[in-house]
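Structural characterization, general
Each chain, letter by letter, is given below.
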Amino acid sequence: MEQIFSSDRAIVTGGSRGIGWAVAKELVDRGAQVLLVARNSERLRQRAEELNRRRPGHVQWFSCDMANQPMSAEAAVQHALKTIGQPTLLLNAAGGASIASVLDAPWSLWVGDFQVKFFGYLAMARAVVPCMLQQRKGVIVNIVGIAGKDPNPNLAIASAVNGALNGVMKVLADEVSQHGVRVVNVNPSATETDLLGSMAQSTAQKSGQPVEAVLKAMRMRSPLGRLPTAGDIAGVVLFLMSRQADFVTGTGIDVDAGIHRGMF
Ligand SMILES: NC(=O)c1ccc[n+]([C@@H]2O[C@H](COP(=O)([O-])OP(=O)(O)OC[C@H]3O[C@@H](n4cnc5c(N)ncnc54)[C@H](OP(=O)(O)O)[C@@H]3O)[C@@H](O)[C@H]2O)c1
């Protein structure tokens, strides 16, 4: 496999499962040094061991809760500096999406989901940017979500978090692109990960339908007849992190089989 990331050091938040894990594997296979970040240390340890068996010495891990901002982000970057060196790549993928409407969601859920995903992504970006500016090299990819463009009544908080991330990452790109740092959002539609299972379960509980029926309906809504896998999203992320995408910054790429109806 071409070692196109052999001079890169990547922080992957949410790197122990789902989309983050799929991206971490691809980066390691292509030569990058990677720091996996998530909460569950035992899973992180196992994941790092698995990748280090494939690529000895390429993977480190750091456990923290992204709800604790900005301390967690700063600590993760400090750990990267000690173990893999100055980061050149950041994937923000630590987070979730609660099934909730505007009025029913308790206030604590609104604040908690913003803390983890909106402030988590923003704090990580703010913490790595100085390292990237120093190197005049860096790519930040944020796994945002199509609900940021198509607000979804069942995903009220995620719609708001993702919309806010679209705004702030665009402005960050304005600030850093001329200094060699690119910022790109990726907007998956519902994707086959653990998170999809928990979202389907919450929807089933609320609607009284069986979980399988909820999942089947979601899959049938996709114009391609299936939902993307974490690997489908990772393929796009890897392209965006590569030199092939040197002119892609300050924008969002939908990976949704065309579910989003707008042309923008
Ligand atoms: N799957 C979808 O349908 C979908 C669609 C659009 C957008 N997205 C977005 O894509 C991102 C990744 O989702 P996914 O489907 O890959 O989810 P996932 O399979 O549930 O994986 C989430 C990852 O984030 C970590 N994480 C969760 N909360 C955290 C916290 N508070 N602090 C630190 N790490 C945390 C998890 O590890 P620990 O549990 O050990 O912390 C895990 O590694 C999320 O932002 C999600 O909103 C997902």
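Calculation notes
Residues numbered from 1 in each chain as written. Predicted model: local features only at pLDDT ≥ 70, side-chain atom pairs only at ≥ 80, totals over all residues. Heavy atoms only, no water. Near = heavy atom within 4 Å. Polar contact = N/O pair within 3.5 Å; in protein donor to acceptor, adjacent residues only side chain to side chain. Areas by Shrake-Rupley, 256 points an atom, 1.4 Å probe, with all protein chains shown as cover. Helix = DSSP H or I, 4+ residues; strand = E, 2+ residues; numbered from the N terminus. Nonpolar A, V, L, I, M, F, W, Y, C, P; charged D, E, K, R; others polar. Salt bridge = Lys/Arg side-chain N within 4 Å of Asp/Glu carboxyl O. Buried < 20%, exposed > 50% of the residue type's maximum accessible area, 1.4 Å probe, protein only. Domains from an automatic or database assignment. Contact = heavy atoms within 4.5 Å. Buried area = accessible area lost by both parts, 1.4 Å probe. Disulfide = S-S within 2.5 Å. Arc of directions from axis to C-beta. Phe/Tyr/Trp six-rings, centres within 6.5 Å; stacked < 30°, edge-to-face > 60°. Lys NZ or Arg CZ within 6 Å of the ring centre and 35° of its normal. Pairing = 2+ DSSP bridges. Axes fitted to C-alpha atoms, helices over the stretch in contact; angles between N-to-C directions.

**Quick look at the site of the ligand**
Of all residues adjacent to the ligand, which total 30 residues, the nearest are Ser16, Arg17, Arg39, Thr191 and Thr193. A distance of 3.0 Å separates an oxygen atom of the ligand from a polar backbone atom of Gly96. Contact with the protein chains covers 94% of the free accessible surface of the ligand, which is 890 Å². Counting only elements with at least two residues in the shell around the ligand, the list comes to helix 1 (18-29), helix 4 (107-135) and helix 6 (194-207). Looking at side-chain class alone, the shell around the ligand contains 14 nonpolar, ten polar and six charged residues.

**Remarks on the pattern of salt bridges**
Counted by the stated rule, this structure contains twelve salt bridges. Close ionic contact of Asp29 with Arg54 constitutes a salt bridge, the shortest N to O distance being 2.8 Å. Of this pair, Asp29 sits in helix 1 while Arg54 is found in helix 2 (residues 41-54), placing the two residues 25 residues apart along the sequence. Take Arg54: its relative accessible area is 39%, and that puts it in the partly exposed class. Here Glu42 ties to Arg45 by a salt bridge, and the two come within 2.6 Å at their closest N and O atoms.

**Quick word on the domain arrangement of the protein chain**
Entries for the protein chain in the domain assignment read domain 1 (9-188 + 230-248) and domain 2 (192-227). Taking only C-alpha atoms into account, the centre of domain 1 sits 24 Å from that of domain 2. With ten residues of domain 1 in contact, the opposing surface of domain 2 contributes nine residues. Summed over both partners, the interface of domain 1 with domain 2 comes to about 690 Å²; 59% of that surface belongs to carbon and sulfur atoms. Joining domain 1 to domain 2, the criterion identifies two salt bridges.

**Let's talk about the state of the cysteines**
Tallied over the entire structure, the rule returns zero disulfides. No disulfide involves Cys64; its sulfur sits 15 Å from the nearest other cysteine sulfur, which is in Cys131. With relative accessibility at 11%, the residue Cys64 sits in the buried group. Given the relative accessible area of 8%, Cys131 is considered buried.

**Points about helix 7 (residues 211-221)**
All buried positions along helix 7 are accounted for by Val214, Leu215 and Met218. Seen along its axis, helix 7 keeps its buried residues to an arc of 95 degrees; they face one direction. Turned more than 90 degrees from where helix 7 packs its buried face, Glu212, Lys216 and Met220 sit exposed. Where helix 7 is buried, its residues contact helix 6.

**A few points about the side chain of Thr88**
Mapped onto the elements of the fold, Thr88 is located in the loop between helix 3 (71-83) and strand 4 (89-92). Leave out the neighbours within four places in its chain, and Thr88 touches Asp8, Arg9, Met132, Gln135, Lys137, Gly138 and Val139.

**Regarding the packing of aromatic side chains**
Inspection of the entire model under this criterion finds two aromatic pairs. With 6.0 Å between their ring centres and 55 degrees between their planes, Phe114 and Phe118 make a pair best called tilted. One end of the pair, Phe114, and the other, Phe118, are both in helix 4, four residues apart, so they sit about a helical turn from each other. Phe118 matches Phe114 in its accessibility class, with the two residues each being buried. Aromatic side chains Phe118 and Phe119 sit 5.0 Å apart centroid to centroid with 80 degrees between the ring planes, which places their arrangement in the edge-to-face category. Take Phe118: its relative accessible area is 12%, and that puts it in the buried class. Connected via pairs of aromatic rings, a cluster forms that spans Phe114, Phe118 and Phe119. Its end group placed over the ring of Trp21, Arg47 keeps NZ or CZ at 4.1 Å from the ring centre.

**Description of the sheet that holds strand 2 (residues 33-38)**
Taken in spatial order, the seven strands line up as 3-2-1-4-5-6-7 in an open sheet, and their pairing is parallel. The strands lining the two open edges of the sheet, one partner per strand, are strand 3 (59-63) and strand 7 (251-255). Sheet twist, expressed as the average angle between the axes of neighbouring strands with direction ignored, equals 15 degrees. Bridge count for strand 1 (residues 9-13) against strand 2 is five bridges, and the pairing is parallel. From the neighbouring strand, Arg9 faces strand 2, where its bridge partner is Gln33. Where helix 2 meets the sheet, it contacts strand 2 and strand 3, and its direction lies at approximately 175 degrees from that of strand 3.

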